[in-house]
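A closer look at the structure
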Amino acid sequence: MISWATIQTAIHGWAVALSGYPASQVIWKHQNGTAPDGDYLTLTLGQLIPIGMDAVTDETNLAAPAGQEVTITVSGDREFSLTVEAYTPSTVGDSAARAILSKMLTRCSLPSMLDRLRAVDVSHFDRGQIEYLPEIKEIEFQGRGVWENRMYVRDSDSEKTTYIETVEITDTSTGNVIIVNS
Amino acid sequence: MPYTDSITSLANATITVTRRGESPRVAGVDQAPVTSTFSLIAVVQPATGEDLQRLPEGRIESKVFAVWVLQELRAAGPPGILADLITWRNEVYEVEHVEPFIGFFNKDHWKVIMRGKP
């Protein structure tokens, strides 16, 4: 089964490497703590879409403990969105949210960056686009940018079951016992 | 009754304050805060309409009380500062707003607006 905690940790490391920010300046959104000071990024995992039909496969291992010889697995691809938001005191220049996200968008195709996601079987197939939406925070402008991404990951789950080894058919009319496939 | 003793003399409650220190995040995920607790005597009264207006939109509800204490409490503030939690009559409230009265009548005191924590 997929571990979103593992994927989130990998995505966090990926975002830190892309942006060059310290790890403490990249946080997952919608938590109750206080926002970091200065430049920071928030990450949000959003929409999850199953792609096509999930496949159901089974595998038999007669050496497994009794009752657990057959493993039935369901697996399928999932598309999910990742929203990266940048918040910067600066609204122009290379430190502004737009410039930081622009750098991240370009750097994300570097092999070392792709490897960070491949390590957890995540495929970054859509780099999306960047919106730049500076807003007034309290008494001054704050640089704000949003970068939408889409990714693929495969999810699966399985359960153990057993198989029918023997079938007995009883002929009630005669009382004879017929054993099939014994 | 001298004014300096008014909170002590009129206290109608002993509240328990839980102070929370934000722990460093791990991979961008909040960690459980480090907490410490202490007790205070306090005057707890229903919040007035004026008190309610001090709360941000969306955080106004009926379970709001005004509390007077002789020690500073903390509302959520800069990074790393989480609001104090107040336990009163077996219910937990969060400090939403603090008004310091420093040096008033030679007795520092604080008026705190606390809101029921969901």
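These notes cover the structure that comes with them. (Residues numbered from 1 in each chain as written. Chains lettered and ligands numbered in written order. Predicted model: local features only at pLDDT ≥ 70, side-chain atom pairs only at ≥ 80, totals over all residues. Heavy atoms only, no water.)

**Examining the overall build of chain B**
When helices and strands are tallied, chain B shows two helices and six strands. Its helices and strands in sequence order give chain B the pattern α-β-β-α-β-β-β-β, from N to C terminus. In terms of overall dimensions, chain B is globule-like: its C-alpha atoms have a radius of gyration of 15 Å, near the 13 Å expected for 118 residues. Once the C-alpha set of chain B is aligned to its principal axes, its extents read approximately 55 × 30 × 25 Å. In chain B, which comprises 118 residues, the proportion classed as buried is 36%. Within chain B, contacts between residues at least 6 apart in sequence are counted, and of these 55% link residues at least 24 apart. Of the accessible surface of chain B, which amounts to about 6600 Å², a share of 53% is contributed by carbon and sulfur atoms. Of the charged side chains in chain B, 12 are positive and 14 negative; the average position of the first set lies 4 Å away from that of the second. (Helix = DSSP H or I, 4+ residues; strand = E, 2+ residues; numbered from the N terminus. Rg over C-alpha atoms; globule rule 2.2 N^0.38 Å. Buried < 20%, exposed > 50% of the residue type's maximum accessible area, 1.4 Å probe, protein only. Contact = heavy atoms within 4.5 Å. Areas by Shrake-Rupley, 256 points an atom, 1.4 Å probe, with all protein chains shown as cover. Lys, Arg positive; Asp, Glu negative; His and termini not counted. Charge placed at Lys NZ, Arg CZ, Asp CG, Glu CD.)

**Comments concerning the nonpolar core**
Counting 31 residues, the largest nonpolar core has Ile11, Trp14, Leu41, Met104 and Trp147 of chain A as the members making the most contacts within it. Of all the elements in the fold, those that place two or more residues in this core are helix H1 (4–19), strand E1 (26–28), strand E2 (40–60), strand E3 (70–88), helix H2 (97–107), helix H3 (111–118) and strand E7 (140–161) of chain A. Sorting elements by how many residues they give to this core places H1 of chain A first, with eight residues. Leu41 of chain A has contacts with Ala15, Ser19, Tyr21, Gln25, Val26, Ile27, Val84, Glu85, Ala86, Ile100, Leu101 and Met104 of chain A, leaving out every residue within four places of it along the chain. The next biggest cluster of nonpolar side chains, apart from the first, holds 18 residues, and it includes Phe38, Val44, Trp110 and Val112 of chain B. (Core = buried A, V, L, I, M, F, W, Y, C linked by side-chain atoms within 4.5 Å.)

**Re the environment of Glu72 of chain B**
Residue and element names in this part refer to chain B. With respect to the secondary-structure elements, Glu72 resides in the loop between strand E3 (64–69) and strand E4 (85–88). In sequence terms Glu72 and Asp51 are 21 residues apart; their C-alpha atoms lie 18 Å from each other. Not counting residues within four places of it along the chain, the set of residues in contact with Glu72 comprises Arg19 and Trp110.

**Considerations on the pairing of E3 of chain A**
All names here are of chain A. With respect to burial, E3 is a largely interior element, 15 of its 19 residues being buried. Bridge count for E2 against E3 is 16 bridges, and the pairing is antiparallel. Following the sheet pairing, Tyr40 is matched in E3 by Tyr87. As defined by bridge partners, E3 adjoins E7 across 19 bridges and the pair is classed as antiparallel. Directly across from Val84, in E7, lies its bridge partner Trp147. (Pairing = 2+ DSSP bridges.)

**Quick look at H1 of chain A**
Residue and element names in this part refer to chain A. Here H1 is 16 residues long and its end C-alpha atoms lie 22 Å apart, about the 22 Å a rise of 1.5 Å per residue gives. Every buried residue of H1 is accounted for by Ile7, Ala10, Ile11, His12, Trp14, Ala15, Val16, Ala17, Leu18 and Ser19. One or two residues past the end of H1 sits Gly20, with phi positive at roughly 80°. (Expected span 1.5 Å × (residues − 1).)

**Section: a nonpolar patch on the surface**
On the surface, a nonpolar cluster with roughly 350 Å² of combined accessible area is contributed by Ile164, Val167, Ile169 and Val180 of chain A. Structurally, the position occupied by Val180 of chain A is in strand E9 (residues 177–180). (Patch = residues over 30% accessible without salt bridge, like charges linked within 9 Å, V, L, I, M, F, W, Y side chains within 5 Å. Salt bridge = Lys/Arg side-chain N within 4 Å of Asp/Glu carboxyl O.)

**Side note on H2 of chain A**
All names here are of chain A. Inspection of H2 places Ala97, Ile100, Leu101, Met104 and Leu105 among the buried residues, and these make up the whole buried set. Axial view of H2: buried residues confined to an arc of 135°, hence all on one face. Seen from the buried face of H2, the exposed residues on the opposite side, beyond 90 degrees, are Arg98 and Thr106. Where H2 is buried, its residues contact H1, E2, E3, strand E5 (130–132) and E7. (Arc of directions from axis to C-beta.)

**Here's the deal with the interface of chain A and chain B**
Taken together, the contacts link 12 residues of chain A with 12 residues of chain B. Carbon and sulfur atoms supply 51% of the area buried between chain A and chain B, which totals about 860 Å² over both sides. If you sort the residues of chain A by the area they bury against chain B, Gln31, Gly33 and Thr34 of chain A come out on top, with a joint share of 52%. The interface formed by chain A and chain B includes zero salt bridges. Secondary structure elements with two or more residues in the side of chain A that touches chain B: H1 and E1 of chain A. Counting residues per element, the side of chain A that touches chain B draws most heavily on E1 of chain A, which supplies three residues. (Buried area = accessible area lost by both parts, 1.4 Å probe.)

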